[in-house]
Amino acid sequence: MTNVEVRLFGSPELTVDGETARVDTRKATAILAILVVDGLVSRDTLAAMLWPESDESHARSALRRTLSALRSVLGPEAIEADRYQIRLSPTVNADIDEFRASLKDGERHKHGDVDVCALCLPDFDHAAASYRGDLLTGFSLRDAPAFDDWLTVTAATFRSSAGRVFERLAAGRASLGDYRSAGEASDRWISLDNLHEPAYRNKMLIAAWAGDRTGAIETYRRCVEVLNTELGVAPLEETSELYEAILDEDLPPAPGPRQRVRSADPVKPPESHRWLGRDMELALLRAELAASAKGVRNVLLEGNTWSGKTSLLERFLAQAVQQGNQALLARGSRSGEQLPYGVVTQLLRTMLGAGLVADENVPAWARQELAQLLPEMYPAGRPADALSESRLFEAVATVFILAATESGLLVGVDDCQWIDSSSAAMLSYVIRRLGECSVLFLFVLPTDDPRTDLRTHGVNELTRTAVRVLLGPLTAQDIKHLTGEKLDPVSVIRQTGGIPLLVAEHLLGDDLDQTKGIGLYIETMLRDLDGLSQQVLAAASVLGGSFDLDQIRGTSGRGEQEVAEALEILMTRRILRLIPGTAAVGFSLGGLETAVYGSLSPIQTRLLHGRAAAALKAEPGVMDAGHAAAIAQHFHLGNKLDQAAMWFGEAGDLAASLFATAEAADSYRSALSLEHPEPARIRLSLGDVLLVMGEYSEASDEFMMVSAVGSETQAALAEHRIGDIQRRLGKFEQAEHHFQMSEPAHPEPAELLADWALLRHRAGALEEATGLARRAVELASSTNAPRSESRARDILGIVSDDVGELDKALDLAGTEPDLRMAALNSLAVAVGEDDPERALALVEEGLELARKVGDRHREAALLNHLADLHYREGRRSESQLAQTSAVRIFAEIQPNSWEPEVWLLTRW
């Protein structure tokens, strides 16, 4: 039998029966590398990767010829192939296989990350000897970019593994007092990435333990120089602290030899080990579900990461379904935080896709609105620019009401620290609308996530009235209840910290050294994965949240069958899992996603984010705000800044059309920071969003920039906006000046004249105000512009006290929220004395619109108006409540300066 040796670390080398051999083409070398690294590979994958410019027939023919050439060199038995798949014979020896096997053997010892016992050292020595340099150093294929991408990612993965080898080897040699060999291992670790500070700290410690204080100081200075030259940054605090400790001769003790301890036979855990010790909390949730039969209930489930929140949520949902309830589950995610209505869309897709609401029961008008969020389900939607957010909110509420009519509805939202603000606002509205429907909302929030303290007022409002259920660590009593007298509960707590998942693994007998805590738990979960699974997992961490097969395939660059096989392995190992009620996949634990993503090199993350953007961009269907924002984020993280800027602008436009103001503002700012090619248009749109949010100073800054650098038309619109802000703030002379600047090139003169009329009215020039308003009405009527006419008639009704004009304005406003809100308020002011109940209904409708649109100033003004109406009718407590809310919002507008006109906004 032919003896074949393949060396792929460093420059590729091939020997056959002890003699150096060569293959005829670089493509043959590439195929050999892919087969060694990935094992079983489909013919289609190889053909597409290596001959991308050929059609399928020619690519497969080229593959057959190259395989034939390989067989002639390696021997006919070296390659095993059928019509679909190819692999190397197990008789082929490769340095990569030796490296993997040695690393696997060394890491089978179940102690900490960098602890090495005497039995580990030969394995790590062998792995280090196998690694001669980066995979296929200097090798590339100019006409096969997919192969070069594969090589870049794979080489980075092996480089990371080699770093673990050298780190462990340095620790092991140092524990035996062999500081020379330990220093050599540290040098090899540094050579893999000369910006990796842990490697420098390791070399500094080893030199100091060896008594080479000068060498330790030189290593630190080398680290400082490299970081400053390459990145322009100073070392991390821990590196500088170690340097100071070396100068002060205040070092941690040098490590000693590691002794392995064999544990006793494990106690077999009960069937319910995944739900350890949560019976009391589960009973509380059941009580809340029972109470929801009389009306909506809202529960906030809190606890530290790894405290079993998700497990408890899923067990509770499963039991509720068994009892005849309908259950929905959605998750916030790091990548989805800026995706407008992302969480709500997950819930709707599950609800409608599972048939919880029959299509024929959803009113036609609601289907039109839902098309903006679910274009794949309701393709015949209304144009986005005509969308009324109030109708969208009401459509979503209608679907929830329909779902809750048959039996109890249970809605779970996990990882609320990542919920988008538009979903939080919409769910707050849905909760208010459901009233006495039998629905339980269960929100899950980690208490130790730094984002939890930075939540917007929307999330706080969502959970403000919730019943709080706090999950703490398991107690000794919990563990005694599970194991009886077989284990010492105090010892289990000491080893696991009472973290349910670590307790479960301890009871399963995984032989973990729990002193390393969660970090070791994650390492154990990810240990021994093959190359293909690692690549798929890396793609999954870049996508974040939940993802489907096509997205993973596009991001990883692997074939459909390969991805499916890798996903099966990852789900079997409990690293990934199917998201209940969907066809999507996600990480089983948030810490795993963070760990995998954090292990990727900058080259890997850029490459994979770029692929993720391309995969999402290629998906069929109508583009929505969330999709556009996700594409933009991936292009940005993939360092494709031009494309990222364009997609952030698109995401901002789509979010603004849905009144997701916070998300729109973030997207517009990102577009500007990446130098969008149309900065004036983006700044004008950003200013409009900030104006609605009541951020007047920032809005004025944006409009001033547009006035300076925009086109004539854009500058005129910006001057109009600035004038409107100055009017709201009571700066009438400045407002007049900006209106005058806007007039010559304004594209919608009727709207400018209407606002000008309101300004003159506020300044006391009633006759002039009436004349401007009439001119605005005439101009809007003659140009058949119903939006401008509604605005003009509203102002004419205000300045002339003509209720008929206000009624016409309200009719013309239709479902446009800003026009309708203004007309409702004006009409309420006009009829308040004669018909207070009608005025109250008008103000409350306007207030609902203001809250949905997110117009903070007008919300405060309407609350102020509401307080006056309640006060006149003798409802003092209601008046005080509305006034308090108004004052709180007013104080947030122009908070650093006293602007009395802000508080006097009654007409607009």
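All figures in this text were calculated on a predicted structure; none of them were measured in a lab.

Procedures and definitions
- Residues numbered from 1 in each chain as written.
- Predicted model: local features only at pLDDT ≥ 70, side-chain atom pairs only at ≥ 80, totals over all residues.
- Heavy atoms only, no water.
- Helix = DSSP H or I, 4+ residues; strand = E, 2+ residues; numbered from the N terminus.
- Buried < 20%, exposed > 50% of the residue type's maximum accessible area, 1.4 Å probe, protein only.
- pLDDT = per-residue confidence, 0-100.
- Contact = heavy atoms within 4.5 Å.
- Pairing = 2+ DSSP bridges.
- Axes fitted to C-alpha atoms, helices over the stretch in contact; angles between N-to-C directions.
- Parallel < 35°, antiparallel > 145°, perpendicular 65-115°, else oblique.
- Left-handed = near helix turned anticlockwise from the far one by under 90°.
- Nonpolar A, V, L, I, M, F, W, Y, C, P; charged D, E, K, R; others polar.
- Salt bridge = Lys/Arg side-chain N within 4 Å of Asp/Glu carboxyl O.
- Phe/Tyr/Trp six-rings, centres within 6.5 Å; stacked < 30°, edge-to-face > 60°.
- Right-handed = clockwise from strand over helix to strand, strands pointing away.
- Patch = residues over 30% accessible without salt bridge, like charges linked within 9 Å, V, L, I, M, F, W, Y side chains within 5 Å.
- Areas by Shrake-Rupley, 256 points an atom, 1.4 Å probe, with all protein chains shown as cover.
- Lys, Arg positive; Asp, Glu negative; His and termini not counted.
- Charge placed at Lys NZ, Arg CZ, Asp CG, Glu CD.
- Core = buried A, V, L, I, M, F, W, Y, C linked by side-chain atoms within 4.5 Å.

Caption draft 1: Spatial organisation of the overall build of the protein. Scanning the protein for helices and strands turns up 42 helices and 15 strands. Within the span of the protein, comprising 908 residues, buried residues form 54% of the whole.

Caption draft 2: Region of the structure containing the confidence of the model for the protein. Looking at the protein as a whole, its pLDDT mean stands at 83, while 87% of the residues score no less than 70. A low-confidence stretch, residues 896–904 stays under pLDDT 50, and its non-local contacts, those more than four residues away or across chains, total 20 contacts.

Caption draft 3: Structural view of the sheet that holds strand β1 (residues 4–7). With respect to topology, four strands assemble into an open sheet ordered β3-β2-β1-β7, the strand pairing being mixed. Two strands close off the open sheet at either side, each with one partner strand: β3 (19–20) and β7 (93–94). Bridge count for β1 against β7 is two bridges, and the pairing is parallel. Residue pairing in the sheet places Val 6 in a bridge with Ala 94 of β7.

Caption draft 4: Representation of unusual backbone geometry in the model. Positive phi, normally seen in glycine, also occurs at Leu 136, with a value near 50°. When you line up the elements, Leu 136 lands in the loop between α5 (121–130) and α6 (145–175). By relative accessible area, Leu 136 is classed as buried at 1%. The phi angle at Asn 784 is positive, at roughly 50°, despite the residue not being glycine.

Caption draft 5: Seen up close, the packing of helix α8 (residues 197–209) against helix α9 (residues 213–230). Between α8 and α9, whose axes approach to 7 Å, the crossing angle comes to 165°. When the interaxial angle is binned, α8 and α9 end up roughly antiparallel. Crossing angle aside, the handedness with which α8 passes α9 is left-handed. Across the interface between the two elements, Glu 197, Tyr 200, Lys 203, Met 204, Ala 207 and Ala 208 from α8 touch Arg 213, Gly 215, Ala 216, Thr 219, Tyr 220, Arg 222, Cys 223, Val 226 and Leu 227 from α9. A breakdown of the residues in the contact of α8 with α9 according to their chemical character gives nine nonpolar, two polar and four charged.

Caption draft 6: Layout of the pattern of salt bridges. Summed over all chains, the structure comprises 45 salt bridges. Salt-bridge contacts for Arg 331 lead to Asp 414; the nearest nitrogen and oxygen are separated by 3.5 Å. Within this pair, whereas Arg 331 is found in strand β9 (residues 326–331), its partner Asp 414 is found in strand β10 (residues 409–414), the two being separated by 83 residues in sequence. Taken as a pair, Arg 331 and Asp 414 share a single burial class, namely buried. The structure contains a network of salt bridges with shared partners spanning Glu 314, Arg 331, Asp 414 and Arg 577.

Caption draft 7: Highlighting the environment of Asp 801. Position of Asp 801 among the secondary structure elements: in the loop between α36 (786–800) and α37 (803–813). Looking at Asp 801, the relative accessible area reads 63%, which means it is exposed.

Caption draft 8: Up close: the side chain of Arg 577. By secondary structure assignment, the location of Arg 577 is in strand β14 (residues 576–578). Overall, the relative accessible area of 16% leaves Arg 577 in the buried class. Apart from the residues within four sequence positions on either side, Arg 577 is in contact with Glu 314, Arg 331, Met 571, Ala 584, Val 585, Gly 586, Phe 587 and Ser 588.

Caption draft 9: How the structure looks around the packing of aromatic side chains. Summed over the entire model, instances satisfying the criterion amount to 14 aromatic pairs. Their ring planes at 65° and their centres at 5.5 Å tell us that Phe 393 and Tyr 429 sit as a pair that is edge-to-face. Taken together, the residues Phe 393 in helix α15 (residues 389–406) and Tyr 429 in helix α16 (residues 421–434) connect sequence positions 36 residues apart. On the accessibility criterion, Phe 393 (2% relative accessible area) is buried.

Caption draft 10: Broad picture of the packing of helix α32 (residues 712–728) against helix α34 (residues 749–762). In the contact formed by α32 and α34, the axes pass within 11 Å of each other and the chain directions differ by 20°. With respect to α34, the axis of α32 lies roughly parallel. Considering how the two elements wind past one another, α32 and α34 form a crossing that is left-handed. Residues His 720, Asp 724 and Arg 727 of α32 lie in contact with α34, whose contacting residues are Glu 751, Leu 752, Asp 755, Leu 758 and Leu 759. Residue classes in the contact of α32 with α34 are distributed as three nonpolar, one polar and four charged.

Caption draft 11: Local environment of the pairing of β10. Judged by how many residues are buried, β10 sits mostly within the fold: six of six residues are covered. The alternating pattern of β10 places Leu 409, Val 411 and Val 413 on one face and Leu 410, Gly 412 and Asp 414 on the opposite face, and all of these are buried. Note: β9 against β10, six bridges, orientation parallel. When the bridges of β10 are listed, Leu 328 appears paired with Val 411. As for the winding sense of the linkage, the β-α-β connection from β10 through α16 to strand β11 (residues 439–446) is right-handed.

Caption draft 12: Examining a negative patch on the surface more closely. Together, Glu 237, Glu 238, Glu 241, Glu 244, Asp 248, Glu 249 and Asp 250 make up a region of like negative charge exposed at the surface. Here Glu 241 shows up in helix α10 (residues 237–247).

Caption draft 13: Quick peek at the nonpolar core. In terms of nonpolar packing, the biggest core is built from 86 residues, with Leu 348, Val 396, Phe 400, Phe 441 and Phe 443 touching the most fellow members. With nine residues, α15 is the single largest residue contributor to this core. The contacts of Phe 400, once residues within four sequence positions are left out, are Leu 328, Leu 347, Leu 348, Met 351, Leu 409, Val 411, Val 430, Leu 434 and Phe 441. If you look at the next biggest cluster of nonpolar residues, it comprises 70 residues, including Val 16, Ala 21, Leu 74 and Leu 121.

Caption draft 14: Representation of the environment of Leu 434 within the structure. Its location among the elements puts Leu 434 in helix α16. Take Leu 434: its relative accessible area is 3%, and that puts it in the buried class. Put simply, Leu 434 and Thr 398 are 36 residues apart on the chain and 8.8 Å apart in space, counted from C-alpha to C-alpha. Discounting residues that sit within four places of it in the chain, Leu 434 has contacts with Val 296, Phe 400, Ile 401, Val 439 and Phe 441.

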